[in-house]
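Structural description and commentary
What follows is each chain in one-letter form.
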Amino acid sequence: MKALDRKLLRDLWHMRGQVLAIALVLAAATATFVLSMGVHRSLVETRDAYYARNAFAEVFAGLTRAPGSLVERVKAIPGVRKAEGGIIQYATLDFPGRPEPVRALINSVDENGRTELNKLTLRSGRLPQQGAAGEVVADESFVKANGLTLGSRITALIYGKQQVLTIVGTGLAPNYVYALPPGDILPDDRRFGIFWMGQKALEAATDRTEAINSLSLTLERDARVADVIRQLDALLEPYGGTGAYGREDHLSHAFLDNELVQLSAMTRVIPPVFLLVATFLVYIVLGRMIRTERTQIGLIKAFGYTNAEVGWHYLKFALAIAVVATVLGCVSGVWMGRAMTRIYAEYYRFPFLTYLLDPRVFLAAAGLSFGAAALGSLGGMRAALVLTPAVAMTAPPPPVYRRGLVERLGRRAGFSAVGHMIVRHIARWPGRAAITVFGVGLSVGLLFATTQFLDSSRAMLDGFFFRAQKQDLMVSFIEPRSEAALFALAQIPGVLRVEPSRAIAVRLSHGNRVERGAIESAPPDARLSAHIDIDGTEIELPASGLMLSRQLADKLGVRPGDRVWVEELGGRRSRQALPVARVIEEFVGERAYASEATLLAITRDAAPVGSALLRIDPARRDTILIRLKDMPMVLGVSERDTTFARFESMIDENINTMLAFYISFAGAIAVGVVYNSARILFSERAHELATMRVLGYHRREVATVLLGELALLVVMAVPLGCLLGNGLAQVMTAMFSSDLFRLPFAPEPASYGRAVLIVLAATAFTALLVVRRVMNLDMVRVLKGRD
C-alpha cells in the first residue's frame, strides 16, 4: 500500500464522525433517488409488460346496442390492427345481512373463457364453461374483501332479471388495474367488483343476442389515434355511440399514469436538495482539512510527489465518502422502495408487482453521489495544488481581527466577553457561517415542504367532501331519468331532501385542441352541492355559457370570453359553440359546468336527471340503502362519509409512510451540517478554549462559546428555512398536482412549528456529541500543539 493511501485511511478514521455525517446526507439523496426511480421503473415495466402480455387495447368505445357483425366493419377502418366487441353490464349483488348496495361490472368472454384484447389472467379456479349460465370469474380483490371462495353463490340483478351467479375462478385484466365504482373516485373492493361471464350467458341475461355494447381496438404502429377515433365515432353514431377515446383517457390507465407523474416529480425535486448540501459540506470539510495539513502537503511535495498525486489523494478522500454514501443510500433506498411497492400493490391490480433491482438505477445514484462529492472537493484540491513546499511549510498568517460593525454592535448591545468571541468568529468566517445557516435552513425547509402535504390533503378533503358535497348519499342511475325518479326517491321514509344532478359526455374543442370530458349541472336552488375553488370560495354557476376548471381551460387554451365548440357524445349528438363564462381553480379533475338551462339546450331531451343527491336521517340509513338496492333504475350508491374515510385511510397510509422517510432525510441534513460545523469550530478554537480553561473559566462557560455560536447560526437559519420551505412547498405542490387531483397550498402554522422542532431536536442531539469533547478537553496537549 502506498504511503498516501495509508495517510488516506488514517484521515478517514480520524475524521470518521464528519465523514459519516456527510455520508448520511449523500445517502439521503441516493436513497431518495433509488426509492423513487426504482418504484417508478418497477411500475412502468410491470405496466408495460402486463399491457403487452394481455393485449391492453388502445382505443375504447361504448354504444347502446349494435349487431356483432359491426366488428368486421370496424376492422376495416384504416389503421386498426385488431377489434373486438363485447358486452359490459352493471349488476346489483345481494349480500344477506348487508344493507348497502354492492355492484359488479360484468364483462363478456368467449365460450372458451378468452378474449383477444384485454385478456383475462386467471389467478385461481377455472374459466366459465361453455353454455354454463351464471358461472363467473370475479376479480381477486373483490373476492378477498368480501370473504368469498371458489363456489360461492351470489344473487344478482342483471338488466332487471334476478340470477344466481357462481364464482368459479378469480382473475385480473389490464383494463381494470384501478377499478372505480360508478360515481366514486376511489376503489371500494367491498362494494364494487369486476366479473367475467361467458358471451352467450351474458347475451341471454341482457337480451342482447348476437349484439354488443362495447368495442376495444388496437392500432397499427403508424396509425393516428385521432383519425381512427373520428372514423369510429361516425360508424357508431347510428348505434348510440358515446364517443370513442384513447388509452390516455381510460380511467384505470389515467390514475396509474397520475401516480407515475408524482413519482417522477419526487425524483426531480428532493435529491437535488441533498446533493447541494452534501457538496457544500465536502467543500467545507476538505478545505479545513487542507488548511490544517499545510505542513504535511509541503513535506509530501518536497519528497517528490507531484501536484496530480496530491490532488488525487484529496479527491479520493471525497470519493471514499461517496462510496460509503452510495452503499448506505442504495441499501436504504431498496428497503424503502420495497415498502412503497407493497403499498402500491394494494391499490393497483397487477398479477405481479415487485421492486426491480435495476443496475442502471444504482449506477445513476452512484454517479450523482460521486459527482456531488467530486464537485465539493474542487475548492480544497485547488488550494492543495497551488501550495508550494516553501509556503506550505511556513506557518499560515494569523487571522486579522479589526473593530468593525459587529464589534460596535456588540458593545452597544452589552455583549459579554464570550458573546464577543461568538459574533467575532462568525464575522471572521462569513462564508462558512452562511453555508451552515443555509444547510440548516434547507433542512427546515425540506421538513416543512413535506409535512405540509398533510395540510394540503386535509384542505382538499375538507373542500371537496364537506363544502362542495353536502349530501349523505349520491344515487347514480343506469340512464338519465325524468323528474319522476326524484319523486320516487323522496317517498322513501327517512329521505329528507332530494336534488337532481346530471353530467353529459361531450367533446370540447378550441382551434386544434380537443378534450373529451363531461359537463355537469345542478339546479339554481341547490343546497346539497356547491362549487368550491381552491381558495375555498363558493362559486355560482353562470346563467349562460360554460365554467371550466383551470386544468381543462389550460389544455384547451381558452380564457373567459373565448368560445368553445361542444359536441354531445351520445343522445342527439348536437354541436354548438358556447362562451367560456368563467375559469376556476379546483381540487379534482378537468371539469366543466353549466346551468340546467344550458345543459338542456345541448341535450334537448326530457330526462334532466342523471343522478340524485340525498340528505337522509342517519337513524334510517340501513332501511334507505335496502330500498335503493331493490330499485332496478339505480346503478350505484356512493356514501360521502364512507368515501371520505377511505380517502383519509389512503392518505394516512401513503403520505405518512413518505413523511417518515423524509423526516429521516431532513434530520440527516441537520445532523450532517451541525455536526461538521461543530467539529470544525472545535478544531479551530481548541487552543482558545484550552486557554480559557487555564484562565479559570468553567467547563460550562467554555462550552457556551461553542454552543452559543451553533445556537446563533441555527436561530438565523430558522426564518430562512421557513422562507425556503414555503417556496419549495409551492413548487412541490404544483409538481405533484395532476389532471386528476390538484392540491391546494394551505399550510397550517403547526407545520412550521413541527419542522423547526424536529431540526432543533436533531441539532441539540448533535451538539451534545461535540460538547463531550469540550468537557474532556486535554489542555496540555492542545496548548503544546501549533494550530
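Treat the numbers as computed from the prediction; the structure is a model and nothing was measured. (Residues numbered from 1 in each chain as written. Predicted model: local features only at pLDDT ≥ 70, side-chain atom pairs only at ≥ 80, totals over all residues. Heavy atoms only, no water.)

1. A few points about the overall build of the chain
Helix and strand counts for the chain stand at 22 helices and 22 strands. C-alpha atoms of the chain, sized along the principal axes, occupy 100 × 60 × 55 Å. Among the 787 residues that make up the chain, the fraction classed as buried is 55%. Look at the contacts in the chain between residues 6 or more apart in sequence, and 83% of them connect residues 24 or more apart. Working note: accessible area of the chain is about 34200 Å², and carbon and sulfur atoms make up 57% of it. A distance of 11 Å separates the average location of the 88 positive side-chain charges in the chain from that of its 73 negative side-chain charges. (Helix = DSSP H or I, 4+ residues; strand = E, 2+ residues; numbered from the N terminus. Buried < 20%, exposed > 50% of the residue type's maximum accessible area, 1.4 Å probe, protein only. Contact = heavy atoms within 4.5 Å. Areas by Shrake-Rupley, 256 points an atom, 1.4 Å probe, with all protein chains shown as cover. Lys, Arg positive; Asp, Glu negative; His and termini not counted. Charge placed at Lys NZ, Arg CZ, Asp CG, Glu CD.)

2. Concerning the packing of helix α1 (residues 3-14) against helix α9 (residues 307-347)
Put simply, α1 and α9 touch, their axes get as near as 10 Å, and they point 35° apart. Where α1 crosses over α9, the handedness of that crossing is right-handed. Contacts between α1 and α9 involve Leu4, Asp5, Lys7, Leu8, Asp11 and Leu12 from the former and Glu309, His313, Tyr314, Lys316, Phe317 and Ala320 from the latter. Considered class by class, the residues forming the contact of α1 with α9 number six nonpolar, one polar and five charged. (Axes fitted to C-alpha atoms, helices over the stretch in contact; angles between N-to-C directions. Left-handed = near helix turned anticlockwise from the far one by under 90°. Nonpolar A, V, L, I, M, F, W, Y, C, P; charged D, E, K, R; others polar.)

3. Examining the pattern of salt bridges
Inspection of the entire model under this criterion finds 32 salt bridges. We note a salt bridge from Lys629 to Asp94, for which the minimum N-O separation is 3.4 Å. Here the residue Lys629 occupies a position in helix α18 (residues 621-629), and Asp94 occupies one in strand β3 (residues 88-94), the gap between them amounting to 535 residues. By relative accessible area, which is 9% here, Lys629 ends up buried. Owing to a relative accessible area of 37%, Asp94 belongs among the partly exposed residues under this scheme. Its salt-bridge partner being Asp358, residue Arg360 comes within 2.9 Å of it at the nearest N-O pair. Assessed through its relative accessible area of 52%, Arg360 is described here as exposed. (Salt bridge = Lys/Arg side-chain N within 4 Å of Asp/Glu carboxyl O.)

4. Regarding the domain arrangement of the chain
Looking at the assigned domains, one finds that the chain contains domain 1 (88-207) and domain 2 (495-616). Taking the mean C-alpha position of each, domain 1 and domain 2 sit 33 Å from one another. (Domains from an automatic or database assignment.)

5. Thoughts on the pairing of strand β8 (residues 161-172)
Counting buried positions along β8 gives nine out of 12 residues, so the element sits mostly inside the fold. Direction of pairing for strand β5 (residues 121-125) relative to β8: antiparallel, over a ladder of four bridges. The residue bridging Ser124 from the neighbouring strand is Thr170, located in β8. Strand direction decides the pairing type here: strand β6 (residues 135-139) and β8, joined by five bridges, are parallel. Bridging from a neighbouring strand, Val136 pairs with Ile167 of β8. In this sheet, β8 lies alongside strand β7 (residues 153-158) in antiparallel orientation, the contact comprising six bridges. Note that in β8 the partner of Ala156 across the bridge is Gln163. Counted between consecutive antiparallel strands, the loop separating β7 from β8 contains two residues, among which Tyr159 sits at a positive phi close to 55°. (Pairing = 2+ DSSP bridges.)

6. A few points about the environment of Glu220
Mapped onto the elements of the fold, Glu220 is located in the loop between β10 (211-219) and α6 (225-236). Judged by its relative accessible area of 35%, Glu220 is partly exposed. For the pair Glu220 and Arg573, spaced 353 residues apart in sequence, the C-alpha separation works out to 29 Å. Sequence-distant contacts of Glu220, defined by excluding residues within four places in its chain, comprise Gly79, Val80 and Arg81.

7. Focus: the nonpolar core
Among soluble globular proteins, nonpolar side chains are generally buried collectively. Ranked by size, the top nonpolar core spans 138 residues in total, and within it Tyr314, Phe317 and Phe647 carry the most contacts. Looking at this core element by element, the count peaks at 20 residues for helix α7 (residues 251-292). Split by domain, the residues of this core number at least three in each of domain 1 (88-207) and domain 2 (495-616). Other than its neighbours up to four places away in sequence, Phe317 contacts Leu8, Asp11, Leu12, Met15, Val19, Leu286 and Met289. Grouped together as the second largest cluster of nonpolar side chains are 22 residues, Ile87, Phe95, Val102 and Ala138 included. (Core = buried A, V, L, I, M, F, W, Y, C linked by side-chain atoms within 4.5 Å.)

8. Brief notes about the environment of Gly494
Among the structural elements, Gly494 can be located in the loop between α15 (484-490) and β13 (495-510). When its relative accessible area of 14% is taken as the criterion, Gly494 is described as buried. For the pair Gly494 and Ile616, spaced 122 residues apart in sequence, the C-alpha separation works out to 5.6 Å.

9. Things to note about the sheet that holds strand β2 (residues 80-86)
With respect to topology, four strands assemble into an open sheet ordered β2-β10-β1-β11, the strand pairing being antiparallel. Looking along the sheet, the strands with just one partner apiece sit at the ends: β2 and β11 (245-246).

10. Details of the pairing of strand β17 (residues 546-549)
Each regular strand displays side chains that alternate between the two surfaces of the sheet. Because side chains alternate across β17, one face comprises the buried residues Leu546 and Leu548, and the other comprises Met547 and Ser549, equally buried. The pairing of β17 with strand β19 (residues 575-584) spans four bridges and is parallel. Paired with Leu548 across the bridge in β19 is Val583. As judged from the two bridges shared by β17 and strand β20 (residues 592-593), these two strands associate in the antiparallel manner. Directly across from Leu548, in β20, lies its bridge partner Ala592.

11. Description of a nonpolar patch on the surface
Residues Leu20, Leu24, Val324 and Leu328 make up a contiguous nonpolar surface patch of about 290 Å² in total accessible area. Among the secondary structure elements, those contributing two or more residues to the nonpolar patch are α2 (16-53) and α9. Considering the arrangement of structural elements, one finds Leu24 in helix α2. (Patch = residues over 30% accessible without salt bridge, like charges linked within 9 Å, V, L, I, M, F, W, Y side chains within 5 Å.)

12. Notes on helix α14 (residues 430-467)
An α-helical turn contains 3.6 residues, so any two residues separated by three or four positions project in the same direction. Of all the bends in α14, the largest measures some 25° and sits at Phe453. For α14, a buried count of 29 out of 38 residues is recorded, marking the element as mostly surrounded by other parts of the structure. (Bend = angle between axes of the 7 residues up to and from the residue.)

13. A few points about the packing of aromatic side chains
As enumerated under the stated definition, the model contains 12 aromatic pairs in all. Look at Phe60 and Tyr245: their rings are 5.7 Å apart centre to centre, the planes differ by 25°, and that puts the pair in the stacked class. Note that Phe60 is positioned in strand β1 (residues 59-67) and Tyr245 in strand β11, a separation of 185 residues in sequence. These aromatic residues form a ring-pair network of at least three members: Tyr51, Phe56, Phe60 and Tyr245. It is Arg98 that lies over the ring of Phe95; its NZ or CZ is 4.8 Å from the centre. Above the face of the Trp565 ring, Arg575 is positioned so that its terminal group lies 4.4 Å from the ring centre. (Phe/Tyr/Trp six-rings, centres within 6.5 Å; stacked < 30°, edge-to-face > 60°. Lys NZ or Arg CZ within 6 Å of the ring centre and 35° of its normal.)

14. Some remarks on the packing of α14 against helix α20 (residues 699-736)
Contact geometry of α14 with α20 gives a least axis separation of 5 Å together with a crossing angle of 45°. Viewed along their axes, α14 and α20 adopt a mutual orientation that is oblique. Of the two elements, α14 crosses α20, and the hand of that crossing is right-handed. Looking at the contact of α14 with α20, its residues break down into 22 nonpolar, 10 polar and no charged. (Parallel < 35°, antiparallel > 145°, perpendicular 65-115°, else oblique.)

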